[in-house]
Amino acid sequence: MTSLPSKNIWIQRQQCPCGDWKCYVSYEGEAEETSIASQLVRNDTASSEAMVAPYVGMVFKSDDDAFEYYGNFARKNGFSIRKERSRLSPQLGIYKRDFVCYRSGFAPAKKKPIGEHHRDRKSVRCGCDAKMYLSKEIVEGVSQWFVVQFSNVHNHELLEDDQVRLLPAYRKIHEADQERILLLSKAGFPIHRIVKVLELEKGTQGGHLPFLERDVRNFVQNRKKVVQVNDALLTEKRENDTMELLEACKATKETDEDFVYDFTVDENDKVENIAWSYSDSVHAYTMFGDVVYFDTTYRSITYGMLFGAWLGIDNHGRTIFFGCVLLQDETPRSFSWALQTFVRFMRGRCPQTILTDLDPGLRDAIRSELPSTKHVTSIWNILSKLPSWFSLPLGSRYAEFKSEFDALYRVDSEDEFDLRWNQMVSMFGLGSDKHIALLFSFRASWALSYMRVYFLARMATTAYSKSVDAFLKGVFSTQTCLRSFFEQVGISANFQNQAHLAMQYMRIKTCIPIEEQARSILTPFAFNALQNELVLAMQYATSEMANGSYIVRHFKKMNGECLVIWIPEDEQIHCSCKEFESSGILCRHALKILIVKNYFQLPDKYFLSRWRRESSSVIYEDNGTQNVEDEWFQEYQCLTETLFTESSITKERSDYVHCELTKELTRLLNEVRNLPETDGVAMDLTLSPTC
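Residues numbered from 1 in each chain as written. Predicted model: local features only at pLDDT ≥ 70, side-chain atom pairs only at ≥ 80, totals over all residues. Heavy atoms only, no water.

Peer 1: Honestly, the pairing of strand S3 (residues 81–89) in this entry has me stumped. Any pointers?
Peer 2: Consecutive side chains along a regular strand alternate between the two faces of the sheet. Taken together, the seven bridges between S3 and strand S4 (residues 93–101) define a ladder with antiparallel strand orientation. Within S4, the position partnered with Leu88 by the bridge is Ile94. Following S3, the chain reverses through three residues before pairing antiparallel with S4. (Pairing = 2+ DSSP bridges. Helix = DSSP H or I, 4+ residues; strand = E, 2+ residues; numbered from the N terminus.)

Written out as structure tokens, the structure is:
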């Protein structure tokens, strides 16, 4: 009986951004699965001599372990096995297992209906007596399986290595290959072409896949039958779940008037796209909405919907949630609606910079809807695709190509980038490669030489990428209906934005007055970044030019020098590395010049408000709808943040607060517990969902 999947399954998008149906992107887990399967095949011959044949008295922890062991032994010796009989006991459960050669026994005779023609299929069973029988015993309270009978005598010819892999027991289509086969079938590829594409992608010789062409044909035909049966049911389930999601949004709006959502309907008046954001997300955006990451990595297999999340980074370096959207397709029209809706949610304010995946349709939508916003393609999304694109065509030269690509990403000038790009393409013979052409067309959004002046707020880093991955895994940890998914998004967003910060003692490393000043103003995250630049500034030498500018270079490195321009009358400093323009943190080169010029404090404008300690509480200032109880909570939160800020300056302060705060809170708690539990006035101290 065919049934719908009970879970709403989300996977990473596999379709390649180049737009070619024949092309897809594999991810780390899928690559490992394929490589493990290939490695097992390669290791079969090498390890066959080392495997011990089963023997009477051999012990296994379970019958499954025994079957796996016997199966591996069988494959390495030219046959396969099957489970034959088992015996059941009320006390022990299954206590006997019989495993036999696949050619054991004889096929039962079948009666042929008169007048009908049937194809006679010869049975492979020939009465082979090879077998392994097991019995379960309880030893010191632990169940164990013992081999009680074993025979490796066959009455038929055993198969060679290149033949045994074709037995039905060993022909498996792994999940990653299943997804690829369905994708190619949907694109109209005939079965024999699908097999050829898989052979080319895996780099195997013709006929050496772990499955046959007829296995692929049977898989596609069976899957099509399931799809046909489930299609109507799935459409109905999708419509019902989408309406439940819409009702959940309406209910949330009634309890939190600052919650925002919007949706579109198709020509049949069915919900098509839906987006939402929470009140605290909108307030957080007023402070930290200068840079936004729009993640479109995941889509639902069950509903065919794309999930997009708008994320940012706060002054403590944490990922914060701004909003999300579910889209029915990945067209520029759908992306345009999503971007329009997001800007409307955020009260008409566009971000300075938006980071996205490599997607031509999304790029076109950003150009149309956010013309003044700088578009950046996150480098980690590009690097994750390089193995799928180039490891197979380049083979052993892929490592060399990857090294050259990494160096090219960091070149200083646009002209140098274009020159070295052409040299790299020529060196590796990639002139006609569609992925190289795609990357080059996007170069202004990912190569550092083109985007050094874009403000990124330290979001184009590996650490931020890992933080985003962790957040998304939290969102997709519960794969259920859309209403439950909506609730899970709220829980994950609320946890992410309201996570408590561990108290951090910020140690001074240089004894430079600028460092003391920064520690009193910046959050630990921003202070650590500036402190690191201050420490490294000590390793740089300066040379003054005739025009008053400076050349700053490392004392060991002859290349990589930077030009620093200092304008004393305006207290302005500019470095050719553009680190301050990119992150909002002064670079080591600029700090070196300021130290040389006897600056004991940095001008206030070089401490951006988004990195200051007090920015944590600013996001609540315009929330005029907070009730009295919420205002009391915010006042308490502000006091505690100030206390932790002041006490983290020195270890003496930190130790004092830790000791005294424990005593005072204990005293206060005891006094509160002595007060009456009710005074006839109900107070609602439950905070509304925030994110």
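Having put the structure on the table, let's press on.
Peer 1: How do you make sense of the nonpolar core when you look at a structure like this?
Peer 2: When a protein is soluble and globular, its nonpolar side chains tend to lie buried together. Of all hydrophobic cores here, the largest spans 75 residues; its most connected members are Trp276, Phe307 and Leu586. Considering each element in turn, this core owes the most residues, six residues, to helix H20 (residues 524–537). (Core = buried A, V, L, I, M, F, W, Y, C linked by side-chain atoms within 4.5 Å. Buried < 20%, exposed > 50% of the residue type's maximum accessible area, 1.4 Å probe, protein only.)

Peer 1: Please explain the sheet that holds strand S6 (residues 142–151) as it appears in this structure.
Peer 2: Two pairing modes exist for strands in a sheet, parallel and antiparallel, and in both the strands are linked by backbone hydrogen bonds. Read across the open sheet, the five strands follow the order S2-S6-S5-S4-S3; overall the sheet is antiparallel. Edge strands, defined here as strands with exactly one partner in the open sheet, are strand S2 (59–60) and S3. Of the strands in this sheet, S2, S3, S4, strand S5 (131–139) and S6 touch helix H2 (residues 63–76), which is tilted by about 160° from S3. (Contact = heavy atoms within 4.5 Å. Axes fitted to C-alpha atoms, helices over the stretch in contact; angles between N-to-C directions.)

Peer 1: Explanation requested: the sheet that holds strand S16 (residues 562–567) in the structure shown.
Peer 2: Sheet architecture is open: four strands sit in the order S14-S15-S16-S17, paired in antiparallel fashion. Both outer strands of the open sheet, strand S14 (540–544) and strand S17 (572–575), are each paired with one neighbouring strand and no more. The average undirected angle you get between the axes of adjacent strands in this sheet is 25°. Relative to strand S15 (residues 550–554), S14 runs antiparallel, the two being bridged by five bridges.

Peer 1: Just checking my understanding: could you explain the packing of helix H8 (residues 332–345) against helix H9 (residues 360–369) for this structure?
Peer 2: Relative placement of two packed helices is described by the angle separating their axes and the distance separating the axes. Two numbers describe how H8 lies on H9: the axes approach to 8 Å, and their chain directions differ by 45°. Classified by the angle their axes make, H8 and H9 are oblique. Relative to H9, the crossing made by H8 is right-handed. Contact residues: H8 offers Pro332, Phe335, Ser336, Leu339 and Gln340, while H9 offers Gly361, Leu362, Ala365, Ile366 and Glu369. Residues that form the contact of H8 with H9 fall into these classes: six nonpolar, three polar and one charged. (Parallel < 35°, antiparallel > 145°, perpendicular 65-115°, else oblique. Left-handed = near helix turned anticlockwise from the far one by under 90°. Nonpolar A, V, L, I, M, F, W, Y, C, P; charged D, E, K, R; others polar.)

Peer 1: Would you take a moment to explain helix H11 (residues 386–394) for this structure?
Peer 2: Residues separated by three or four positions in an α-helix point in the same direction, a consequence of the helix having 3.6 residues per turn. Every buried residue of H11 is accounted for by Leu386, Trp389, Phe390 and Leu394. Along the axis of H11, the buried residues cluster in a sector spanning 90°; they form a single face. Contacts made by the buried residues of H11 are with helix H10 (379–383), helix H12 (398–409) and helix H14 (434–441). Looking one or two residues past H11, Gly395 carries a phi angle of roughly 60°, positive in sign. (Arc of directions from axis to C-beta.)

Peer 1: Could you clarify how one ought to interpret the packing of aromatic side chains in this entry?
Peer 2: Any aromatic ring pair is given by two values, namely how distant the centres are and how the planes are angled relative to each other. Within this structure, the stated rule accounts for 34 aromatic pairs. For the pair Phe73 and Phe150, a centre-to-centre distance of 6.3 Å together with 70° between the ring planes defines the contact as edge-to-face. In this pair, Phe73 sits in helix H2 while Phe150 sits in strand S6, placing the two residues 77 residues apart along the sequence. The exposure class of Phe73 is buried, given its relative accessible area of 5%. Using a relative accessible area of 22% as the deciding quantity, one classes Phe150 as partly exposed. For the ring pair Tyr278 and Phe321, a centre distance of 6.1 Å and an interplane angle of 50° mean the geometry is tilted. (Phe/Tyr/Trp six-rings, centres within 6.5 Å; stacked < 30°, edge-to-face > 60°.)

Peer 1: Any chance you could explain the packing of helix H4 (residues 175–186) against helix H5 (residues 191–202) here in plain terms?
Peer 2: Remark: H4 packs on H5, axes separated minimally by 10 Å, with the N-to-C direction vectors making an angle of 130°. For the element pair H4 / H5, the angle class is oblique. Seen from above, H4 lies across H5 with right-handed handedness. In this structure, H4 uses Asp177, Arg180, Ile181, Leu184 and Ser185 to contact H5, whose residues at the interface are Ile194, Val197, Leu198, Glu201 and Lys202. Its residues placed into classes, the contact of H4 with H5 shows five nonpolar, one polar and four charged.

Peer 1: What should I look at first to understand the pairing of strand S7 (residues 260–265) in this one?
Peer 2: With six bridges joining them, S7 and strand S8 (residues 271–277) adopt antiparallel strand pairing. Each residue of the ladder has a partner; that of Asp262, found in S8, is Ala275.

Peer 1: Teacher, can you tell me more about H9 here?
Peer 2: Among all positions of H9, only Gly361, Leu362, Arg363, Ala365 and Ile366 are buried. Considering only its buried residues, H9 is in contact with strand S9 (291–300), H8, strand S12 (353–356), strand S13 (374–377) and H14. A side-chain oxygen of the first residue of H9 lies 2.9 Å from the backbone nitrogen of Gly361; this N-cap is Asp359. (Polar contact = N/O pair within 3.5 Å; in protein donor to acceptor, adjacent residues only side chain to side chain.)

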